[in-house]
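Results of the structural survey
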Amino acid sequence: MYKAKAYSAASATSPLASTVISRRDPTENDVQIEILFCGICHSDLHTARNEWSEVMATTYPCVPGHEIVGRVTKVGSAVTKFKPGDLAAVGCMVDSDRTCPECRAGQEQYCPNVILTYSFPDKHLGGVTYGGYSDSIVVDERFVLRVPSGIDLAGAAPLLCAGITTYSPMRHWCVSKGKKVGVVGLGGLGHMAVKFADALGAHVVVFTTSPGKKDDALRLGADEVAVSRNSDEMQKHTDSFDFIVDAVSADHDINAYINLLKRDGNITLVGAPAKPLSVGAFGLLLRRRSLSGSLIGGIAETQEMLNFCGQHNITSDVEVIPIQKINEAYERLLKSDVKYRFSIDMASLKAE
Ligand SMILES: NC(=O)c1ccc[n+]([C@@H]2O[C@H](COP(=O)([O-])OP(=O)(O)OC[C@H]3O[C@@H](n4cnc5c(N)ncnc54)[C@H](OP(=O)(O)O)[C@@H]3O)[C@@H](O)[C@H]2O)c1
Ligand SMILES: [Zn+2]
Ligand SMILES: [Zn+2]
């Protein structure tokens, strides 16, 4: 065991603050990573503030962070994929049972025994897992990803959650050339969804509550932008979408988007508002539309997504911040004021 610097929340109402945590020494299958950048996902905020208490209550202290990019410092004797000095990345999961049907299908995120990167039982040290708001992490090599060469590291970190969470449902629902795709909410996930849908050749329409994000949406790859509070801009798209991804973090009217789907169209929720959404039956019935959800993506698909990003030169648009600005960043997330992901420069933790 060794000590690592980190930022943690002591309770649902306390701001994140500097702390010291224990990490395990690498076992034979482990990779130890010096963390260079960690993205800030809205899930970090939901968890730090225990907003999902009814589904998965947070255990404190909580060290969030699951968009991790860094450099390998040490590997266990059985590790084959990594060596010290390599770049490496870790996303939302650090382990699973590896034997259930989900794991065997490469869908570890749906494993009943998945271990998420933070606030999940830590079978090595007891207590719970601690995430990427830290100067290092130790993870089994099966859950460590390769970073494409030449990619900007601050902008690559958010691919590990915002990237895979939007890439995976687009692949599942066959987003491709000729399809009309909607993206609801231009935040961290939403802006990655725009980039992927555009790279896959779709006609992309962004729905935003922030008129000031219109130009950015077009620059990021959207073909059209609609301000969702303007009913004329919404109506114009009735019955027209093949697929919509909803990446909104707060309560909102999903029926308005269901009505924009054409027959057999699908809307997938990736946003995870704390309160249940209300869904009208007729919106779904009338055109055999479907509503589904999607959780991150499996390890193999995450690597596929990273390779896709390497080939298509895709990274997240980031605002790089020192860890000391974390609480301010959370407040800005709540105001939809991020362009379009915060990425923490972990060198700033050295000052603590
Ligand atoms: N399914 C998964 O596996 C998964 C993975 C990661 C994150 N998530 C969840 O996905 C959600 C989005 O995460 P994120 O990191 O992208 O968050 P984010 O950067 O804060 O973006 C959320 C966006 O939603 C829109 N929005 C916010 N409040 C709204 C409201 N009251 N009504 C309508 N729109 C609103 C805003 O976009 P505009 O300004 O354009 O309106 C905002 O930028 C969170 O709930 C997060 O926990 C799920
Ligand atoms: Zn996330
Ligand atoms: Zn499993």
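Please read these numbers as outputs of a predicted model, since none were measured by experiment.

A few words now on the overall build of the protein chain. Within the protein chain, the secondary structure is distributed over 11 helices and 16 strands. What you see for the protein chain is a C-alpha radius of gyration of 20 Å, in line with the 20 Å of a compact globule of 352 residues. Seen through its principal axes, the protein chain has C-alpha atoms that stretch 60 × 40 × 40 Å. Counting the 352 residues in the protein chain, one finds 55% classified as buried. Long-range pairs, those at least 24 residues apart, make up 67% of the contacts in the protein chain between residues at least 6 apart in sequence. Total accessible area on the protein chain is roughly 14,800 Å²; 52% of this is exposed by carbon and sulfur atoms. Separation between the mean location of the 36 positive side-chain charges and that of the 40 negative ones in the protein chain comes to 2 Å.

Here the focus is the coordination of the zinc ion (ligand 2). Ligation of the zinc ion (ligand 2) by protein atoms is provided by Cys41 (SG), His66 (NE2) and Cys161 (SG), these donors lying 2.0 to 2.2 Å from the ion. Sequence positions of the residues that donate to the zinc ion (ligand 2) give the spacing C-x24-H-x94-C. With Cys41 in the loop between β3 (30-40) and α1 (42-48) and His66 in the loop between α1 and β4 (68-75), this residue pair connects regions lying 25 residues apart in the sequence. The same class applies to Cys41 and to His66, which are both buried.

By definition, the strands of a sheet pair up through backbone hydrogen bonds, in either a parallel or an antiparallel sense. The strand order across the open sheet formed by 6 strands is β11-β10-β9-β12-β13-β14, and the pairing between neighbours is parallel. Each edge of the sheet is formed by a strand with only one pairing partner; in this case those strands are β11 (224-227) and β14 (290-293). The mean inter-strand angle of the sheet, taken between neighbouring strand axes irrespective of direction, is 20°.

Over its 14 residues, helix α10 (residues 299-312) runs 20 Å from end to end, which matches the ideal 20 Å to within 8%, given 1.5 Å per residue. Within α10, the full set of buried residues consists of Ile299, Glu301, Thr302, Gln303, Met305, Leu306, Phe308 and Cys309. Elements that come into contact with the buried residues of α10 comprise β6 (93-95), α4 (162-172) and α5 (188-199). Just beyond α10, the residue with positive phi is Asn313, at close to 55°.

As a further point, take the coordination of the zinc ion (ligand 3). Ligation of the zinc ion (ligand 3) by protein atoms is provided by Asp97 (OD), Cys100 (SG), Cys103 (SG) and Cys111 (SG), these donors lying 2.0 to 2.3 Å from the ion. Coordination at the zinc ion (ligand 3) is tetrahedral, judged from the 4 donor atoms that bind it and the angles of 101 to 116° they form at the metal. Looking at Cys103, the relative accessible area reads 10%, which means it is buried. Looking at Cys111, the relative accessible area reads 4%, which means it is buried.

With that settled, consider the packing of α4 against α5. Axis separation between α4 and α5 bottoms out at 8 Å; the angle between their running directions is 50°. It follows that α4 is oblique to α5 by the angle criterion. Crossing geometry of α4 relative to α5 is assigned as right-handed. Only Gly188, Leu189, Met192, Ala193, Phe196 and Ala197 of α5 make contact with α4, whose side of the interface consists of Ala162, Gly163, Thr165, Thr166, Tyr167 and Met170. Class assignment of the residues belonging to the contact of α4 with α5 gives a composition of 8 nonpolar, 4 polar and no charged.

What follows covers the packing of aromatic side chains. Centre distance and the angle of the planes are the two values used to describe a pair of aromatic rings. Summed over all chains, the structure comprises 5 aromatic pairs. Measuring from ring centre to ring centre gives 5.4 Å for Phe207 and Tyr257, while their planes differ by 70°; the resulting arrangement is edge-to-face. Taken together, the residues span a long stretch of sequence, with Phe207 in strand β10 (residues 203-208) and Tyr257 in helix α8 (residues 255-258) at a distance of 50 residues. The same class applies to Phe207 as to Tyr257, namely buried. Through a chain of ring-to-ring contacts, the aromatic side chains of Tyr167, Phe196 and Phe308 assemble into a single cluster. The residue whose ring lies beneath Arg146 is Phe82, and the NZ or CZ to ring-centre distance is 5.4 Å.

Okay, the site of ligand 1 next. Around ligand 1, the structure places 30 residues, and the nearest of them are His42, Thr208, Thr209, Ser210 and Arg341. Within the contact set of ligand 1, an oxygen atom lies 2.9 Å away from a side-chain nitrogen or oxygen of His46. Ser210 is positioned with one of its side-chain polar atoms (N or O) 2.5 Å from an oxygen atom of ligand 1. In the complex, the protein chains occlude 91% of the 920 Å² of accessible area that ligand 1 would expose alone. Per-element accounting of the shell around ligand 1 gives the leading share, 3 residues, to α1. Residues belonging to the shell around ligand 1 are distributed by class as follows: 13 nonpolar, 14 polar and 3 charged.

Summarising the element assignment, Asn255 is placed in helix α8. Among the polar contacts listed, one links the side chain of Asn255 to the side chain of Asp253, at a separation of 3.1 Å.

Reading guide: rules and limits
- For every chain, the first residue of its written sequence is number 1, and the numbers climb from 1 along that sequence.
- For this description, chains carry letters from A and ligands carry numbers from 1, given in the order in which they are written.
- Totals for whole chains, interfaces and linings use all residues, but because this is a predicted model, local features are given only for residues with pLDDT of at least 70 and pairs of side-chain atoms are given and counted only at 80 or more.
- Note that water and hydrogens are dropped before the side-chain values are worked out from all heavy atoms of the structure.
- Numbering goes from the N terminus for both helices and strands, where a helix is a DSSP run of H or I of at least four residues and a strand is a run of E of at least two.
- We take the radius of gyration over the C-alpha atoms and set the globule estimate at 2.2 Å times the residue count to the 0.38 power.
- Each residue's exposure class comes from its accessible area (1.4 Å probe, protein chains only) as a fraction of the maximum for that residue type: buried when under 20%, exposed when over 50%, partly exposed otherwise.
- For this analysis, residues touch if any pair of their heavy atoms sits within 4.5 Å.
- To be clear on the numbers: accessible area is Shrake-Rupley with a 1.4 Å probe, and residue cover counts the displayed protein chains and nothing else.
- Only four residue types enter the tally: Lys and Arg on the positive side, Asp and Glu on the negative side; His and the chain ends are excluded.
- Throughout, a charge is located at the NZ atom of Lys, the CZ atom of Arg, the CG atom of Asp or the CD atom of Glu.
- Sodium, potassium and calcium take a 3.2 Å donor cutoff, other metals 2.8 Å, and in both cases only N, O and S atoms count; water is not among them, so sites may look incomplete.
- Two strands qualify as a pair provided that DSSP identifies no fewer than 2 bridges between them.
- All axes here are fitted lines through C-alpha atoms, helices being fitted over the stretch that makes contact, and every angle between N-to-C directions spans 0 to 180 degrees.
- Take the number of residues in a helix, subtract one, and multiply by 1.5 Å to get its expected span.
- Geometry assignment treats four donors as tetrahedral when all angles are between 85 and 135 degrees, treats four as square planar and six as octahedral when opposite donors are over 155 degrees apart and all others between 65 and 115, and treats everything else as irregular.
- Angle categories: roughly parallel below 35 degrees, roughly antiparallel above 145, roughly perpendicular from 65 to 115, and oblique for all the rest.
- Note: crossing handedness is left-handed where the near helix turns anticlockwise from the far helix by less than a right angle, and right-handed where it turns clockwise.
- Residue classes follow a fixed rule: Ala, Val, Leu, Ile, Met, Phe, Trp, Tyr, Cys and Pro count as nonpolar, while Asp, Glu, Lys and Arg count as charged, and any other residue, Gly among them, counts as polar.
- Between rings of Phe, Tyr and Trp, where Trp is taken as its six-membered ring, a pair exists when centres lie within 6.5 Å; planes separated by under 30 degrees are stacked, by over 60 edge-to-face, and by other angles tilted.
- Here, a charge over a ring is recorded when the distance from Lys NZ or Arg CZ to the ring centre is within 6 Å and its angle to the ring normal is within 35 degrees.
- Throughout, the term near means that a residue has one or more heavy atoms lying within 4 Å of the molecule or strand in question.
- Whenever a nitrogen or oxygen atom comes within 3.5 Å of another N or O atom, the pair is scored as a polar contact, on the condition that within protein one atom can donate a hydrogen and the other can accept it, and that pairs from neighbouring residues in sequence are kept only if both atoms are in side chains.

Everything listed here is a matter of coordinates, which is why it stays silent on function.
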